[in-house]
Amino acid sequence: MIGWVGAFTAFFAATIACVQTDIKRVLAFSTISQIGFMMVALGVCTSRDPHAGGLGYMASMFHLFTHAMFKALLFLGAGSIIHAVHSNEMSAMGGLRKYMKITHATFLIACLAIAGIPIFSGFFSKDEILTACFSYSPVMGWIMTGIAAMTAFYMFRLYFGIFWGKENKELHEAHPPHESPLSMTLPLIVLALITCVAGFIPFGEFISSNGQAYYIHLNMQIAVTSVIVALCAIGLAAWMYMRPQQPVADRLAKTFSGLHRAAYRRFYIDEIYLFVTHKIIFGGISRPIAWFDRHVVDGFFNFLAWGTQGVSQSIRGFQSGRIQQYALVFLAGALLLVLLLMI
């Protein structure tokens, strides 16, 4: 169940990332998709093959490690780009490779890593996940290979849209793009170098499901297949988005306008969430409970307080502290007793 939920999560988030135009939103849904990859790897730990089960656990942790490096590089790169053009939208970008050489090179390294291209770190960790998936079930293996292709596609759609594609010359003339200062580019360079070498760390010798060393061995058949699929996805992204004009992408968006609109709106998850929380939970459940609390619960205790105060106000005169009043009451009581005895 964990594996299939993870696979659906990876596919669902990757589908949304394929059509977003806000670069940080693309990276955010990419992160959700990659977490889905990690959960799939944990889910296939239930394989009857102990070797495959241990591989799934190690691969999940390995991808968590490598993903931290290249996704941090991508988000910092996005910050550098936004700093240069003062916008999150891809329409304000295009052709930035001419103005931001360091950011361009480091962002490309991160894209190659997350796409699973050798020799970058993402290739090694994602290949281990795919190997574990194929060991568990060929169906799961091919599904995750397809989602890995989607990852390569939407990341290079992002890359080509930012650094190639159609340049927004009017905006760039008004606010010329520029490379970020050293305080921003130095972390990019450091993370890019880590992304290039992190895959060669013998991760399984440090982290394993049973505490014993796990030696990583590439499955060449799966590795070659995943690389070919990733390169095909990158080629498709280049064909669709590298040129200034994007007729194929525009035609597909018009042909499948309903699906494109739904994916762009994150399949209306935000609207569903707001409807459930505001209309059903807040409006249909919380508001009646709040009314009951204010008018019934608070009203009952307010009534007790009012009644207690009223009674105390009525009998407070019996304890006035005046001797004359006490003597008068004592005499009146004695006379009343005498009258009752006489009757």
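A quick note: this is a predicted structure, and the numbers were derived from the prediction, not measured.

Novice: Any chance you could explain the overall build of the protein here in plain terms?
Specialist: A count of helices and strands for the protein gives 13 helices and 0 strands. Listing every helix and strand of the protein by position from the N terminus yields α-α-α-α-α-α-α-α-α-α-α-α-α. Taking 343 residues into account, the globule formula puts the C-alpha radius of gyration at 20 Å, and the protein, at 34 Å, lies well above it. Dimensions of the protein, computed from C-alpha atoms along their principal axes, come out at roughly 120 × 60 × 45 Å. When each of the 343 residues of the protein is scored for burial, the buried share is 42%. For the protein, long-range pairs separated by at least 24 residues make up 80% of all intrachain contacts whose partners lie at least 6 apart in sequence. Total accessible area computed for the protein in this model is approximately 18900 Å², and 71% of it derives from carbon and sulfur atoms. Taking the 22 positively charged and 15 negatively charged side chains of the protein as two groups, their mean positions are separated by 8 Å.

Novice: Got a minute to help me understand unusual backbone geometry in this structure?
Specialist: The general pattern is negative phi for most residues beyond glycine and trans for most peptide bonds. Cis geometry is adopted by the peptide bond preceding Ile 119, which originates at Pro 118 and carries an omega value of 10°. In the Ramachandran plot, Phe 267 falls in the positive-phi region, its phi being about 50° despite a non-glycine side chain. Mapping Phe 267 onto the fold places it in the loop between α11 (257-264) and α12 (269-315). For Phe 267, a relative accessible area of 24% puts it in the partly exposed group.

Novice: Mind showing me how you'd approach the side chain of Thr 15 here?
Specialist: As for its position among the elements, Thr 15 is in helix α1 (residues 2-17). A residue is classified by how much of its surface remains accessible, and Thr 15, at 17% relative accessible area, is buried. Those residues in contact with Thr 15 that lie beyond four places of it in its chain are Met 150, Ala 263 and Phe 267.

Novice: Explanation requested: helix α9 (residues 220-241) in the structure shown.
Specialist: For an α-helix the count is 3.6 residues per turn, leaving residues at separations of three or four pointing the same way. In this model, α9 (22 residues) spans 31 Å end to end at C-alpha, consistent with the 32 Å of a helix rising 1.5 Å per residue. Taken residue by residue, α9 has Ile 222, Ala 223, Ser 226, Val 227, Ala 230, Ala 233, Ile 234, Ala 237, Ala 238, Met 240 and Tyr 241 as its buried positions.

Novice: Looking at this structure, how should I read the packing of aromatic side chains?
Specialist: Where two aromatic rings form a pair, the distance of their centres and the angle of their planes describe that pair. Tallied over the entire structure, the rule returns 15 aromatic pairs. What links up through ring pairs into an aromatic cluster is the set Phe 107, Phe 156, Tyr 159, Phe 160 and Phe 163. Against the face of Phe 37 rests Lys 126, its NZ or CZ located 5.1 Å from the ring centre. In this structure, Arg 157 is placed above the aromatic ring of Tyr 241, and the distance from its NZ or CZ to the ring centre is 5.5 Å.

Novice: Whenever I open this one, the layout of surface pockets confuses me. Can you help?
Specialist: Estimated volume of the largest pocket: approximately 910 Å³. Surrounding the largest pocket, 35 residues form its lining, Cys 18, Arg 157, Tyr 241, Ala 249 and His 260 being those nearest its centre. For the lining of the largest pocket, the secondary-structure elements that each account for two or more residues are α6 (138-163), α9, α10 (247-255) and α11. Looking at the lining of the largest pocket element by element, the count peaks at 6 residues for α6. Looking at the lining of the largest pocket residue by residue, the class counts come to 20 nonpolar, 8 polar and 7 charged.

Novice: I would appreciate a short explanation of the pattern of salt bridges in the present structure.
Specialist: Pairing between side chains of opposite charge can happen when the charged atoms of each approach one another. Inspection of every chain in the model, using the stated rule, returns 3 salt bridges. In this structure, the salt-bridge partner of Arg 265 is Glu 271, at a minimum N-O distance of 2.4 Å. Asp 270 serves as the salt-bridge partner of Arg 266, at 2.8 Å between the closest nitrogen and oxygen. Residue classification places Asp 270 among the partly exposed residues on the basis of a relative accessible area of 37%.

Novice: How should I be thinking about empty space enclosed by the protein in this particular structure?
Specialist: Here the idea is plain: a probe the size of a water molecule rolls over the atoms and shows the empty space left. Inspection of the entire model under this criterion finds 1 cavity of 30 Å³ or more. Roughly 80 Å³ of volume is contained in the largest cavity. Forming the walls of the largest cavity are Ala 115, Gly 116, Phe 123, Lys 126, Asp 127, Leu 130, Thr 145, Ala 148, Ala 149, Ser 226, Val 229 and Ala 230. Of all elements in the fold, only α5 (121-136), α6 and α9 reach the threshold of two or more residues within the lining of the largest cavity. Examining the composition of the lining of the largest cavity, we find that 4 residues originate from one element, α5, more than from any other. Looking at the lining of the largest cavity, its residues break down into 7 nonpolar, 3 polar and 2 charged.

Novice: Mind showing me how you'd approach a nonpolar patch on the surface here?
Specialist: Residues Tyr 268, Ile 269, Ile 272, Phe 275, Val 276, Ile 280, Ile 281, Phe 282, Ile 285 and Ile 289 make up a contiguous nonpolar surface patch of roughly 870 Å² in combined accessible area. With respect to the element layout, Phe 282 can be found in helix α12. Judged by relative accessible area, which is 43%, Phe 282 ranks as partly exposed.

Rules and cut-offs
- Residues numbered from 1 in each chain as written.
- Predicted model: local features only at pLDDT ≥ 70, side-chain atom pairs only at ≥ 80, totals over all residues.
- Heavy atoms only, no water.
- Helix = DSSP H or I, 4+ residues; strand = E, 2+ residues; numbered from the N terminus.
- Rg over C-alpha atoms; globule rule 2.2 N^0.38 Å.
- Buried < 20%, exposed > 50% of the residue type's maximum accessible area, 1.4 Å probe, protein only.
- Contact = heavy atoms within 4.5 Å.
- Areas by Shrake-Rupley, 256 points an atom, 1.4 Å probe, with all protein chains shown as cover.
- Lys, Arg positive; Asp, Glu negative; His and termini not counted.
- Charge placed at Lys NZ, Arg CZ, Asp CG, Glu CD.
- Expected span 1.5 Å × (residues − 1).
- Phe/Tyr/Trp six-rings, centres within 6.5 Å; stacked < 30°, edge-to-face > 60°.
- Lys NZ or Arg CZ within 6 Å of the ring centre and 35° of its normal.
- 1 Å grid on protein atoms, 1.4 Å probe; cavity = no way out; pocket = protein on both sides within 12 Å on 5 of 7 lines; lining within 4 Å.
- Points joined across faces, edges and corners; volume = space filled by probe spheres on them.
- Nonpolar A, V, L, I, M, F, W, Y, C, P; charged D, E, K, R; others polar.
- Salt bridge = Lys/Arg side-chain N within 4 Å of Asp/Glu carboxyl O.
- Patch = residues over 30% accessible without salt bridge, like charges linked within 9 Å, V, L, I, M, F, W, Y side chains within 5 Å.

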